[in-house]
Amino acid sequence: MTAVTTSVSLPATTPAIRRPSFATLTRVELRKMVDTRAGQALLAVTVLLSVAVVGYLSFTARDGLSYDAWLRDASYPVVALLPVIGILAMASEWTQRTALTTFTLTPRRLRVLGAKFTAAVVLGLLVTVVVDVIAAVGLVVRGLVLNADVTWGNLGSVLGGSAVSAALALVMGAAIGALVMQTAVAIVAYFVAPNVVLLAVASTMSDKAPWVDVNEAFGWLSRFDVSGHVGQLVTPLLLWIAVPFGVGLWRSVRRNVS
């Protein structure tokens, strides 16, 4: 009886494993945000509330048809709800216990967190653009109905201010989400903590209140008004964005995901 030997030829070189690019990670995170029910519901509610505001103005506005005023009113739901997108982006992995899978597939955590943040900002700016268009269409229609002149003002400044206001709110939400790492707690902290701190400072040192008032700082930045109060701008940004983001990223990199 003769034994038969078979030879198996192996490839000369093993193909190199390529890590996903940052653009690929960002696309993946962007898709994760819009594919979930929570993300879809949040985006739908944000846009529908802005549509409702523009619809109300379209039926009630009489004089002073200014795009600046219409966009400011239509942007209230965006500024109020977009931060939740940032919170979901940075905290949902820990809340839903999917961090182990995510960081096993892509071990470099800072790249993943950077992709999450970038995807949230891109999505927020897209929503802002949609609301800008909705406000413009509603304003034009109302002007035609009333046969009245429409004032567009400094359009670049108006649109830029809208984008800055929405982006700052979203970035602050992402910073709080990165720090707290629990979605529900982070949402409560975002809406409650700045007001509690402001109230505490105002009741004890009223002259120092502007130095912790992040809403006033966001207002100045969205109006591109930084002269005369640089310190009162920088302090709230450090307190509510830079420090929480830095500590949150440090915790995310060092936290055990097992």
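You'll find the structure just up there.
Residue indices begin from 1 for each chain and proceed along its sequence in written order. Since the coordinates come from a predicted model, pLDDT governs what is reported: local features require at least 70, and pairs of side-chain atoms require 80 or more to be given and counted, while whole-chain, interface and lining totals use all residues. Excluding hydrogens and water, the side-chain values take into account all heavy atoms of the structure.

Give a detailed account of the overall build of the protein chain, specifying residues and quantitative values.
Secondary structure is summarised from DSSP: a helix means a run of H or I of at least four residues, a strand means a run of E of at least two, and numbering begins at the N terminus for each. When helices and strands are counted, the protein chain shows 10 helices and 0 strands. The order of α-helices and β-strands along the protein chain, N terminus first, is α-α-α-α-α-α-α-α-α-α. With the principal axes as the frame, the protein chain shows a C-alpha extent of 105 × 50 × 30 Å. The cut-offs for exposure are 20% and 50% of the maximum accessible area for each residue type, with area from a 1.4 Å probe on protein chains only; residues under the lower value are buried, those over the upper are exposed, and the others partly exposed. Counting the 258 residues in the protein chain, one finds 40% classified as buried.

Outline helix H3 (residues 67-74), listing residues and values.
Buried residues of H3: Tyr67, Trp70, Leu71 and Ala74, and no others. Viewed end-on, H3 has its buried residues packed into an arc of 95°, placing them on one side of the element. Should any heavy atoms of two residues lie within 4.5 Å, those residues are considered in contact. The inward-facing, buried residues of H3 contact helix H2 (37-60), helix H4 (76-95), helix H6 (109-146) and helix H7 (155-180). Regarding the arc, it is the one traced by the directions from the helix axis to the C-beta atoms.

Let's hear about empty space enclosed by the protein: which residues, and what values?
In this analysis a 1.4 Å probe is tested at points of a 1 Å grid over the protein atoms alone, and where it fits but cannot get out there is a cavity; an open set with protein on both sides within 12 Å along at least five of seven lines is a pocket; lining residues have an atom within 4 Å of a point. Grid points are joined across faces, edges and corners, and a volume is the space filled by probe spheres set on the points. Going through the model one piece at a time under the given rule, you end up with 1 cavity of 30 Å³ or more. For the largest cavity, the calculated volume is near 30 Å³. Lining of the largest cavity is provided by Leu82, Val121, Gly124, Leu125, Ala166, Ala167 and Leu170. For the lining of the largest cavity, the elements supplying multiple residues, two or more each, are H6 and H7. Residue type decides the class: Asp, Glu, Lys and Arg count as charged, Ala, Val, Leu, Ile, Met, Phe, Trp, Tyr, Cys and Pro as nonpolar, and the leftover types, Gly among them, as polar. The residue makeup of the lining of the largest cavity, split by class, is 6 nonpolar, 1 polar and no charged.

Could you give me a rundown of unusual backbone geometry, with the residues and numbers involved?
With a phi angle near 55°, Asn147 is a residue other than glycine that sits in the positive phi range. Mapped onto the secondary structure, Asn147 falls in the loop between H6 and H7. Under the relative-accessibility criterion, Asn147 is labelled exposed at 73%. Phi at Phe224 takes a positive value of approximately 55°, unusual for a residue other than glycine.

Give a detailed account of the environment of Val112, specifying residues and quantitative values.
Its place among the elements puts Val112 in helix H6. Placed 87 residues apart in sequence, Val112 and Leu25 show a C-alpha to C-alpha distance of 6.8 Å. Excluding residues that lie within four positions of it along the chain, Val112 makes contacts with Glu29, Thr102, Phe103 and Thr106.

Can you tell me about the side chain of Thr183, naming the residues and giving the values?
Topologically, Thr183 is positioned in helix H8 (residues 183-204). Residue classification places Thr183 among the buried positions, given a relative accessible area of 13%. Beyond its immediate sequence surroundings of up to four residues, Thr183 is in contact with Ile87, Leu88, Ala91, Ser92 and Thr95.

Explain the packing of aromatic side chains to me, and be specific about the residues and the numbers.
Each pair of aromatic rings is reported with the distance of its centres and the angle of its planes. Only rings of Phe, Tyr and Trp enter the pairing, Trp through its six-membered ring, and a pair is recorded when the two centres are within 6.5 Å. The plane angle decides the type: under 30 degrees is stacked, over 60 is edge-to-face, the rest tilted. Summed over the entire model, instances satisfying the criterion amount to 3 aromatic pairs. With a centroid separation of 5.3 Å and an interplanar angle of 80°, the aromatic rings of Phe117 and Phe245 are classed as edge-to-face. Of this pair, Phe117 sits in helix H6 while Phe245 sits in helix H10 (residues 230-254); the two residues are 128 residues apart in sequence, bridging distant segments of the chain. Residue class for Phe117 comes out partly exposed when judged on its relative accessible area of 26%.

Explain the environment of Pro244 residue by residue, including any values.
Looking at where Pro244 falls in the secondary structure, it is placed in helix H10. With relative accessibility at 6%, the residue Pro244 sits in the buried group. Sequence-distant contacts of Pro244, that is, excluding residues within four places in its chain, are made with Ala175, Leu179, Leu238 and Leu239.

Break down a nonpolar patch on the surface for me, citing the residues and quoting the values.
In this analysis, a patch consists of residues with relative accessible area above 30% that form no salt bridge, clustered at 9 Å for like charges and at 5 Å for the nonpolar side chains Val, Leu, Ile, Met, Phe, Trp and Tyr. Working definition of accessibility: Shrake-Rupley area with a 1.4 Å probe, residue cover restricted to the visible protein chains. For salt bridges, the criterion is a side-chain nitrogen of Lys or Arg within 4 Å of an Asp or Glu carboxyl oxygen. Taken together, the side chains of Val129, Val133, Val137, Val141 and Val145 present a nonpolar region at the surface, about 420 Å² in accessible area. Along the chain, Val141 turns up in helix H6.

Quick one: what's the story with the side chain of Lys116, residue by residue and with numbers?
Take Lys116: it is sitting in helix H6. A distance of 2.9 Å separates polar atoms of two side chains, one belonging to Lys116 and the other to Glu29. When near neighbours in sequence (up to four residues on either side) are disregarded, Lys116 contacts Glu29, Lys32, Met33, Ala89, Met90 and Glu93. Any N or O atom pair separated by 3.5 Å or less is treated as a polar contact, with the protein-specific requirement of one donor-capable and one acceptor-capable atom, and with residues adjacent in sequence counted only for side-chain atom pairs.

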